[in-house]
Number of protein chains: 2
Amino acid sequence: MKVVVIGGSAAGLSAASQVRRLASDAQVVVLEKGRDLSYAACGMPYNLFFRDTPVEALYALSYDTIVNGRKIDYRLRSEVAAIDPMRQKVQVLDHVNGRVYEEGYDALVYATGNRPHRLDLPGFDDENVFYFKTLEDTRRTKEFLYERAPKTALLVGAGYTNLELADVLSNIKIRTVLLEKAPAILPAFCPAVREKVEEKLQEKGVEFFAGVDIYEKAGNVVKTSAGDFAAELVVAAVGVRPATEIFAAAGGLLGVASAASVNPYLRTNLPNVFAAGDCAEHYVRQLGRNGYMPLGPVANKQGRLAGSNLIHPDNMRRFSGIDQTAVFKFFDLTIGTSGLNERQLLGKDAAYATVIVDNDTRVAYPGGGRMRIVLFVEKGSGLLLGAQMIGQDVVAKRLDVLATAIYKGMTVFEIAELDLSYAPPYAPVWDPVLVAANQAIKMA
Amino acid sequence: MKVVVIGGSAAGLSAASQVRRLASDAQVVVLEKGRDLSYAACGMPYNLFFRDTPVEALYALSYDTIVNGRKIDYRLRSEVAAIDPMRQKVQVLDHVNGRVYEEGYDALVYATGNRPHRLDLPGFDDENVFYFKTLEDTRRTKEFLYERAPKTALLVGAGYTNLELADVLSNIKIRTVLLEKAPAILPAFCPAVREKVEEKLQEKGVEFFAGVDIYEKAGNVVKTSAGDFAAELVVAAVGVRPATEIFAAAGGLLGVASAASVNPYLRTNLPNVFAAGDCAEHYVRQLGRNGYMPLGPVANKQGRLAGSNLIHPDNMRRFSGIDQTAVFKFFDLTIGTSGLNERQLLGKDAAYATVIVDNDTRVAYPGGGRMRIVLFVEKGSGLLLGAQMIGQDVVAKRLDVLATAIYKGMTVFEIAELDLSYAPPYAPVWDPVLVAANQAIKMA
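Residues numbered from 1 in each chain as written. Chains lettered and ligands numbered in written order. Predicted model: local features only at pLDDT ≥ 70, side-chain atom pairs only at ≥ 80, totals over all residues. Heavy atoms only, no water.

(A) Local environment of the interface of chain A and chain B. Taken together, the contact between chain A and chain B spans 55 residues of the former and 55 residues of the latter. For the pair chain A and chain B, the two sides together bury roughly 5,000 Å², of which 63% comes from carbon and sulfur. Per-residue buried area on chain A facing chain B is highest for K397, D419 and Y426 of chain A; these three make up 15% of the total on that side. At the boundary of chain A and chain B, one finds four salt bridges. The closest approach of N and O atoms between K397 of chain A and D431 of chain B, which form a salt bridge, is 2.7 Å. The tally of links between chain A and chain B comes to 24 residue pairs in polar contact (both at pLDDT 80 or more). Where the side of chain A that touches chain B is concerned, the elements lending two or more residues are α8 (296–311), β21 (326–330), β22 (333–339), α10 (396–407) and α12 (432–443) of chain A. Of all the elements, α10 of chain A adds the most residues to the side of chain A that touches chain B, at eight residues. (Contact = heavy atoms within 4.5 Å. Buried area = accessible area lost by both parts, 1.4 Å probe. Salt bridge = Lys/Arg side-chain N within 4 Å of Asp/Glu carboxyl O. Polar contact = N/O pair within 3.5 Å; in protein donor to acceptor, adjacent residues only side chain to side chain. Helix = DSSP H or I, 4+ residues; strand = E, 2+ residues; numbered from the N terminus.)

(B) Expanded view of helix α4 (residues 135–148) of chain A. Residue and element names in this part refer to chain A. Compared with the 20 Å implied by 1.5 Å per residue over 14 residues, the 19 Å span of α4 between its first and last C-alpha is a close match. Within the sequence span of α4, burial applies to L135, D137, T138, R139, T141, K142, F144, L145 and Y146. Looking at the buried positions of α4, the neighbouring elements they touch are α2 (44–49), β9 (129–130), α5 (160–171) and β16 (233–236). The N-capping residue of α4, defined by a side-chain oxygen 3.3 Å from the backbone nitrogen of E136, is T134. Positive backbone phi, at 45°, marks A149, one or two positions downstream of α4. (Expected span 1.5 Å × (residues − 1). Buried < 20%, exposed > 50% of the residue type's maximum accessible area, 1.4 Å probe, protein only.)

(C) Summary view of the side chain of S338 of chain A. Residues and elements named next belong to chain A. Locating S338 in the fold gives a position in strand β22. A polar contact of 2.9 Å, which involves the side chain of S338, links it to the side chain of T325. With sequence-adjacent residues up to four places away left out, S338 is seen in contact with D323, Q324, T325, G386, A387, L399, A403 and I406.

(D) Molecular detail of the pairing of strand β5 (residues 89–94) of chain B. Residue and element names in this part refer to chain B. By the alternation rule, side chains of β5 split into V90, V92 and D94, which are all buried, and K89, Q91 and L93, of which none is buried. Hairpin remark: strand β4 (residues 78–84) followed by β5, antiparallel, with four residues in the connecting loop; positive phi at Q88, about 55°. The sheet contact formed by β5 and strand β6 (residues 99–104) spans six bridges and is antiparallel. Across the sheet, V90 pairs through a bridge with E103, a residue of β6. Between the antiparallel neighbours β5 and β6 lie four residues, among them G98 with a positive phi of about 60°. (Pairing = 2+ DSSP bridges.)

(E) Broad picture of the relation of the copies chain A and chain B. Superposing chain A onto chain B takes a rotation of 180° combined with a translation of 0.0 Å along the rotation axis, leaving an RMSD of 0.0 Å. Here the symmetry operator amounts to a two-fold rotation axis. Considering only C-alpha atoms, the part of chain A nearest the rotation axis is V401 of chain A, at 2.4 Å. With an isologous cut-off of 70% or more, the 100% of interface residues of chain A that recur at the interface of chain B puts this contact in the isologous class. (Least-squares fit on C-alpha atoms with pLDDT ≥ 70 in both.)

(F) Looking closely at the pattern of salt bridges. Counted under the stated rule, the structure contains 58 salt bridges over all chains. Note that R99 of chain A is salt-bridged to D94 of chain A, the shortest N-O span being 3.2 Å. Judged by relative accessible area, which is 43%, R99 of chain A ranks as partly exposed. Note that E245 of chain B is salt-bridged to R241 of chain B, the shortest N-O span being 3.3 Å. Assessed through its relative accessible area of 30%, R241 of chain B is described here as partly exposed. What emerges from the salt-bridge pattern is a single network uniting R35, D36, E56, E136 and R139 of chain A.

Shown next as structure tokens:
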């Protein structure tokens, strides 16, 4: 059995490792285009802050562990140029040795990730414009940051990455401006969360402009519909696109958002080709259909499952799906969502109530903060459809309680009955989650 | 409608407040034996650490809020000496004015809490022996601590309270010894948790002796089967007993652990008398019967429900029960449990597996720690029966994910499918909860 994996990051290395676990005699080849081992991409913004921590600290495993420990034939700077699905071979551009070769496979895992949209505008290919998608981008951004010591940064696009960067850059005293083309920040979040984000931007002196069209970059000035902005450093994070060109060129079927279309077992339409991670579709349980939400946990889960299923083709397991849980840090706030968001709710027929509850996170012990919980609750049934949180102290793992409730289809009546942990260092006697559920009961 | 509540702390004040919310014209009298308003009892150990924070900072509400805001006739130092269930009157000893009077009721809430077992041994009535159950105890202990500045403390009994105190006292540089009569610390926890507690005791220089019989206290020396111990300050926390004497004397039926026996609506056998909180039984969902677990959240929930049910006797709601969730802080560790413990599991027929998983709480971000998760899983079905955790970083609210799973009767197969939040400041990409569930799947 010979397994080839295209792409050596989260999904790819998970797949390769799972193949090794289940089939000690299989040959496992990972073809990674870049120069970096699998890394924790979500940790990249924070790495900028720690000048003396090399970006390679984000590697998930060492080369030795991958190659000698897990016996994976992991080849860096090995770009796949084409897949021949009939002959079950890939064409590899070996950038280390400057040669081209073919590699045959019995099963292939396509795990190429995604790529950032680039701004096709004058000046946005300058050396001080970064897209901050790969570890190589992070390496270059960090070098620029500490060698050139810019005093101003312009962040284009107000999604998770740039909000995390706004936090980090502000903390290293770089004056930061955030521009967003859409009329509001964080479109997946409701206004009750967004207003708290905007308050924090203001408090921290990060200027934010929404509904902005960018015209061009001329030297260190970016011209926009909101005026000119000084920008010694520009980071553009304006969306991503699954890296599915090679797959599509081989006849691979694309689905949601141009991601590789996968069936419940993560198989694509090409024989013996699976797809996983940021280049693939992700089944959304609540919607009952595939969506696209490229995040680390789903990449790891899909990679592992693809590895299992290709080894056990007669006993494949279905990918159970996601509940769209996502969280990020923003200054002293944590911001998270799970389940359906308002855009998705407005597309459904069911009537729902929005419950917004503000709470202290501790009462009889120092160190707590404030937290806002927003619940979207189906009218009549009380079913929890979605939850969003923003606040201080422990937010992410409180959100997980509601993610669990969403997974299990719990109502707010049930959530109010939960026996959640209480001691003064951790919670008020009525945990904010219970307070929110009790409030929701009145409106359900 | 006139409602009398005996006991003005968590359950009592919750009941009174709920009556006021639901029946603005009801007369609500709270008879509190002590001199303190309702307080957060779980915060008492920590208050000792903060010399300048008065113990009254633990009051849940101000007198003004209770009396003028909520229109509750809240009477301090008003001890109920007897209940006459036929005439629906209570006899009150008014210690403020030195008089005795009767107060009639249409409905009565019995919410007297519990009392500590006292050590009936020579010397254990000395002024430097504390039982640390009430705010008054805390006040006296704190005065002693800062005015007499003891250098050694002897803690008798190794339950939650004394472990919390060991933490606090060590932090104010008092040499602390912990004695336990039972052969091991924390009997509700499994050995995999206990060994971590004992490691921490050792690390922090708190001497611990199990299986110790205490003989007497002579001056500042306590004589035991493990030798003599210096003890300028002694705190005995060797169990509690529900304060149900007055209730029983009136013909009230006692149940588990001598707590007031209650039906699902929190009614007792006495007409129009409800019981709630630390003096009452608590329905344990997994056992399908009443138990006794005197903790803050259940007291608040039961108090509120008793208040609702006495106002709406024709539309009473059942107390949904508890899942035995408990958590406490111990130095840099958090220790928690939810669901069935090993003693309870050994009493059941079902075969179960114990899964122990150690994990980092963060990988690509500083500030994390180590965490141990123990799962008790039913063999065959994979049903999660119980969970215990000990570790650093965010433990309590991770335990809540498993408390939610236990409430809903989830299997480890389902838990492994949860879409839990991930970002480097909060978790590894595989949250320890998912790692534990995946490990459990192999053994289920």
